[in-house]
Amino acid sequence: MSDRPLVAVVVFPGSNDDRDAGWALGSVGAEPTFVWHEEASLPEGTGAVVLPGGFSYGDYLRTGAIASVAPIMSAVRAFASAGGPVLGICNGFQVLCEARLLPGVLRPNRQLEFVCADATLRVEVADSLFLRRCTAGQELVIPVKHGEGAWYADEGTFVQLAARGQIVLRYTDDVNGALGNVAGVVNEAGNVLGLMPHPEHAVDPLLGSADGGLLLAALVDAAAAHRLVAA
Amino acid sequence: MKATIVVRPKDGILDPQGDAVGHSLRKLGFDVAGARVGRVIDLELDVADADAARAEIERMCGELLANPLIESFEIIRLGEA
């Protein structure tokens, strides 16, 4: 078995950033493995799970809604409950919200347009499993590409999440109409992160930015630590 | 048993799709102050009892058909016809 921590990338019908995620994870030290959504369990030794970007089930019903009840999601839920690190990128974030593993929901962009651009994000909370390699207040450039990325929660929930430090990433500008310019949130335990920007598309300076590598490398650190705990 | 369910954005929730539809209707010259867009779901259930069917549909809406954070649902038809 490889010394590299095993990171499971879940593939739904309509996922399209799964291979990029696998490649990017490999570039920061992970052993990526792809897991089909109809599987009932994660591979033995899984240290972290990534739900990739794409358009699972053609965004039918609501983005992420149908994927959120796919067979593999029971295993992902159990993995998260046991403290396993789970990262949802773009459609993966939508899936995690629909699965109620993360608070809030992603709504159509307020400007009614698909947005595809480099976004500048501010790290709000660096004391977090996924942002350990960043500092609070640091600005990261990571691309976004989505039509339904406006994160929303009711005001009471939003205030509570901010007070608990669960709003970990915000856009420095209004990108899509997200409440509070929220780009990424973690669950209360801090081991599940969802974000609309694509860290897997920002792991090489030649492609504009390597800032996404900071998040993915932190995920790989966490995967290694979780594998030791689980073993 | 056949059922029709309407799922719509809750009051006060921004509805870009409805805004786009309203905007296009106004461009066509219609006097439309606002539009909201939801969805209609027709179901056929193997349940004979209306109360049981209603309870089942409410569970379906809670688990998948509607997201209670942003959507409300209404059963607008329930019967054999």
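Structure shown above.
Residues numbered from 1 in each chain as written. Chains lettered and ligands numbered in written order. Predicted model: local features only at pLDDT ≥ 70, side-chain atom pairs only at ≥ 80, totals over all residues.

### Things to note about unusual backbone geometry
Peptide bonds are mostly trans, and most non-glycine residues show a negative phi.
Residue and element names in this part refer to chain A.
Logical step 1: Not every positive phi belongs to a glycine, and Asp59 is a case in point at roughly 60°.
Logical step 2: Assignment of secondary structure puts Asp59 in the loop between strand 3 (46–51) and helix 2 (72–81).
Logical step 3: Take Asp59: there are 18 C-beta atoms within 10 Å of it, and that puts it in the partly exposed class.
Logical step 4: Backbone geometry places Cys90, a non-glycine residue, at a positive phi of 55°.
Logical step 5: Looking at the secondary structure, you find Cys90 in the loop between strand 4 (86–89) and helix 3 (91–98).
Logical step 6: When the 29 C-beta atoms within 10 Å are taken as the criterion, Cys90 is described as buried. (Helix = DSSP H or I, 4+ residues; strand = E, 2+ residues; numbered from the N terminus. Buried ≥ 20, exposed ≤ 12 C-beta atoms within 10 Å, placed from the backbone.)

### Considering the sheet that holds strand 9 (residues 167–171) of chain A
Residues and elements named next belong to chain A.
Logical step 1: Ordered by their spatial adjacency, nine strands build an open sheet running 2-1-3-4-11-10-9-6-7, and the pairing between neighbours is mixed. What marks the edges here is a single partner per strand, and that holds for strand 2 (31–36) and strand 7 (139–146). Taken over all neighbouring pairs, the strand axes of this sheet differ in orientation by 25° on average, direction set aside. (Pairing = 2+ DSSP bridges. Axes fitted to C-alpha atoms, helices over the stretch in contact; angles between N-to-C directions.)

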